[in-house]
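# Overview (structure and organization)
Take a look at the letters that make up each chain.
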Amino acid sequence: MVTRTVDLRSDTVTKPTEAMRAAMASADVDDDVLGADPTAQRFEEEMARIMGKEAALFVPSGTMGNLISVLVHCEIRGSEVIMGDNSHIHVYENGGIATIGGVHPKTVENNPDGTMDIDRIEAAIRHPNGALYYPTTRLICLENTHANCGGRCISADYTDRVGELARKHGLKLHIDGARIFNASVALGVPVHRLVQAADSVSVCMSKGLGAPVGSVIVGTKEFITKAKRLRKTLGGGMRQIGILCAAAFVALQENIVKLEDDHRKAKIFADGLKEIKQFRVNASSVETNMVFFDVADPSVISPVSLCETLGKFGVLAMPTSSTSLRVVIHFQISEGDIHYALTCIKQAIQEIVAVGIAK
């Protein structure tokens with residue numbers, strides 16, 4: 001019988017803390033669609049201040065936050081947005097910018113560190129002379145941290161250069177900052193500096209920060225006015241959202257300081273995996289709370305079989321391909337959990353190999 005659960009599937013699996021539950025229970029609320037929820041207003045004002053932008057808007061999810069942001073910047077159907085080929089918006093958000101917004105994605109290859117080559121971004125911008133034939137480029141999207149590239153951090157200098165390129169061509173810059181606070185902590189750079197060049201940013205409260213629900217988008221007052229209208233169009237206008245914003249407020253106040261320890265534990269996990277001969281892991285690439293690793297011989301140990309066997313020990317992880325896995329550390333994973341998971345991985349390998357030999 002499993003007596004211990006170590007959930008490493010994502011940092012989205014955290015449970016609300018007692019402080020969050022208490023804040024939710026006592027939140028001062030009103031109808032936010034009518035613009036009257038005082039807790040939501042205070043939370044949005046605080047997020048705008050921290051991010052260095054004029055205004056902010058609470059939305060149900062990061063996917064909706066990114067979709068709204070793209071649609072505000074690309075109001076004309078047939079617009080085009082340049083983004084990484086391995087970005088969350090392109091891979092995991094159901095093609096919403098195209099199916100709902102009529103916006104065409106133009107992908108540029110992501111480098112292993114999550115960046116895109118500046119010259120390739122510029123080469124992807126459509127020339128006005130081709131307007132009769134091609135979509136019109138209106139937006140560039142970055143992702144920080146970059147999840148599919150292992151939670152790598154995008155520097156302020158790189159973002160500034162992309163921002164300069166955008167302005168040079170009359171484009172806007174949006175940052176999918178689902179884990180932007182992880183990047184800020186890892187780089188030692190204030191979050192407002194990391195997004196200074198951006199016209200809009202989406203920030204997830206329910207990933208590394210551990211709130212139960214919600215994301216925030218920030219930008220100019222004009223941008224947020226348009227975003228609020230789109231939020232209503234997409235069914236994201238909610239009434240007494242102060243209940244949710246209260247928990248997010250606690251996450252903002254209490255959990256940013258815990259991210260550094262999450263990153264430390266991720267490095268411990270990566271170092272432990274390096275000692276297991278059946279895996280390949282680049283521990284030096286672990287910058288935040290994510291660890292990606294490959295199985296050396298998928299014909300013997302597949303990511304699926306490993307995750308299934310780990311589940312018997314109460315350790316939950318996710319395959320990312322037929323040869324690789326991902327684990328994500330969050331503030332409800334202790335250092336003891338890390339060592340327990342590593343021990344279980346070794347036991348799971350022995351069990352899988354033994355079954356293979358018996359066959």
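Residues numbered from 1 in each chain as written. Predicted model: local features only at pLDDT ≥ 70, side-chain atom pairs only at ≥ 80, totals over all residues. Heavy atoms only, no water.

## Looking at the packing of helix α8 (residues 180-187) against helix α12 (residues 259-274)
Contact pair α8 / α12: the axes reach a minimum separation of 9 Å and the direction vectors enclose 80°. Of the possible angle classes, the one that applies to α8 and α12 is roughly perpendicular. Within the contact between the two elements, α8 uses Phe181, Asn182, Val185 and Ala186 and α12 uses Leu259, Glu260 and His263. Residues that form the contact of α8 with α12 fall into these classes: four nonpolar, two polar and one charged. (Axes fitted to C-alpha atoms, helices over the stretch in contact; angles between N-to-C directions. Helix = DSSP H or I, 4+ residues; strand = E, 2+ residues; numbered from the N terminus. Parallel < 35°, antiparallel > 145°, perpendicular 65-115°, else oblique. Contact = heavy atoms within 4.5 Å. Nonpolar A, V, L, I, M, F, W, Y, C, P; charged D, E, K, R; others polar.)

## Quick word on the UniProt feature "domain: Aromatic amino acid beta-eliminating lyase/threonine aldolase" (unreviewed entry) in the chain
Here, the residues flagged by UniProt with the feature "domain: Aromatic amino acid beta-eliminating lyase/threonine aldolase" (unreviewed entry) are residues 7-294. Overall, residues 7-294 shows 41% helix and 16% strand. The separation of its end C-alpha atoms is 19 Å. (UniProt positions renumbered as here; feature names shortened; annotations may be inferred.)

## A closer look at a nonpolar patch on the surface
Taken together, the side chains of Leu132, Tyr133 and Tyr134 make up a nonpolar region of the molecular surface, amounting to roughly 440 Å² of accessible area. For tyrosine 133, a relative accessible area of 65% puts it in the exposed group. (Patch = residues over 30% accessible without salt bridge, like charges linked within 9 Å, V, L, I, M, F, W, Y side chains within 5 Å. Areas by Shrake-Rupley, 256 points an atom, 1.4 Å probe, with all protein chains shown as cover. Salt bridge = Lys/Arg side-chain N within 4 Å of Asp/Glu carboxyl O. Buried < 20%, exposed > 50% of the residue type's maximum accessible area, 1.4 Å probe, protein only.)

## Comments concerning the pairing of strand β2 (residues 55-59)
In terms of burial, β2 is largely enclosed, as five of its five residues are buried. Residues of β2 alternate between two faces, with Ala55, Leu57 and Val59 on one and Ala56 and Phe58 on the opposite face, all of them buried. Note that β2 and strand β8 (residues 215-219) share five bridges and pair antiparallel. Paired with alanine 56 across the strands is valine 218, a residue of β8. (Pairing = 2+ DSSP bridges.)

## Concerning the packing of aromatic side chains
Under the criterion given, the structure shown has four aromatic pairs. Arranged with centres 6.3 Å apart and planes meeting at 70°, the rings of phenylalanine 43 and phenylalanine 58 form a pair that is edge-to-face. Taken together, the positions of phenylalanine 43 in helix α2 (residues 38-51) and phenylalanine 58 in strand β2 put the pair 15 residues apart, joining distant regions of the chain. What makes phenylalanine 43 buried here is its relative accessible area of 0%. Among the residues examined, phenylalanine 58 registers a relative accessible area of 0% and is labelled buried. A centroid spacing of 5.6 Å and a plane angle of 65° characterise the contact between phenylalanine 43 and phenylalanine 249, whose relative ring orientation is edge-to-face. Separated by 206 residues along the polypeptide, phenylalanine 43 in helix α2 and phenylalanine 249 in helix α11 (residues 242-254) bring together distant segments of the chain. Both residues of the pair, phenylalanine 43 and phenylalanine 249, belong to the buried class. (Phe/Tyr/Trp six-rings, centres within 6.5 Å; stacked < 30°, edge-to-face > 60°.)

## Focus on the side chain of asparagine 182
Within the element layout of this structure, asparagine 182 appears in helix α8. When its relative accessible area of 2% is taken as the criterion, asparagine 182 is described as buried. For asparagine 182, the side chain forms a polar contact with the side chain of histidine 263, separated by 3.0 Å. Asparagine 182 has contacts with Thr145, Gly208, Leu259, His263, Thr288 and Asn289, leaving out every residue within four places of it along the chain. (Polar contact = N/O pair within 3.5 Å; in protein donor to acceptor, adjacent residues only side chain to side chain.)

## Quick look at unusual backbone geometry
In this structure, the amide linkage connecting asparagine 144 to the following residue, threonine 145, adopts the cis form with an omega of 0°. Mapped onto the fold, threonine 145 is located in the loop between β5 (136-143) and α7 (156-168). Here asparagine 94, not a glycine, exhibits a phi torsion of approximately 65°, which is positive. Tracing the sequence through the fold places asparagine 94 in the loop between α4 (88-92) and α5 (96-99).

## Brief notes about the sheet that holds strand β4 (residues 104-108)
Here we have seven strands laid out as an open sheet, ordered β2-β8-β7-β6-β5-β3-β4, and mixed in their pairing. In the strand order of this sheet, the two ends are held by β2 and β4, each with one partner. Averaged over neighbouring strand pairs, the angle between their axes works out to 25° when direction is ignored. Of the strands in this sheet, β2, β7 (200-204) and β8 are in contact with α2, which crosses β2 at around 125°. On the sheet, helix α3 (residues 62-73) packs against β2, β5, β6 (172-176), β7 and β8 and is oriented at approximately 180° with respect to β6.

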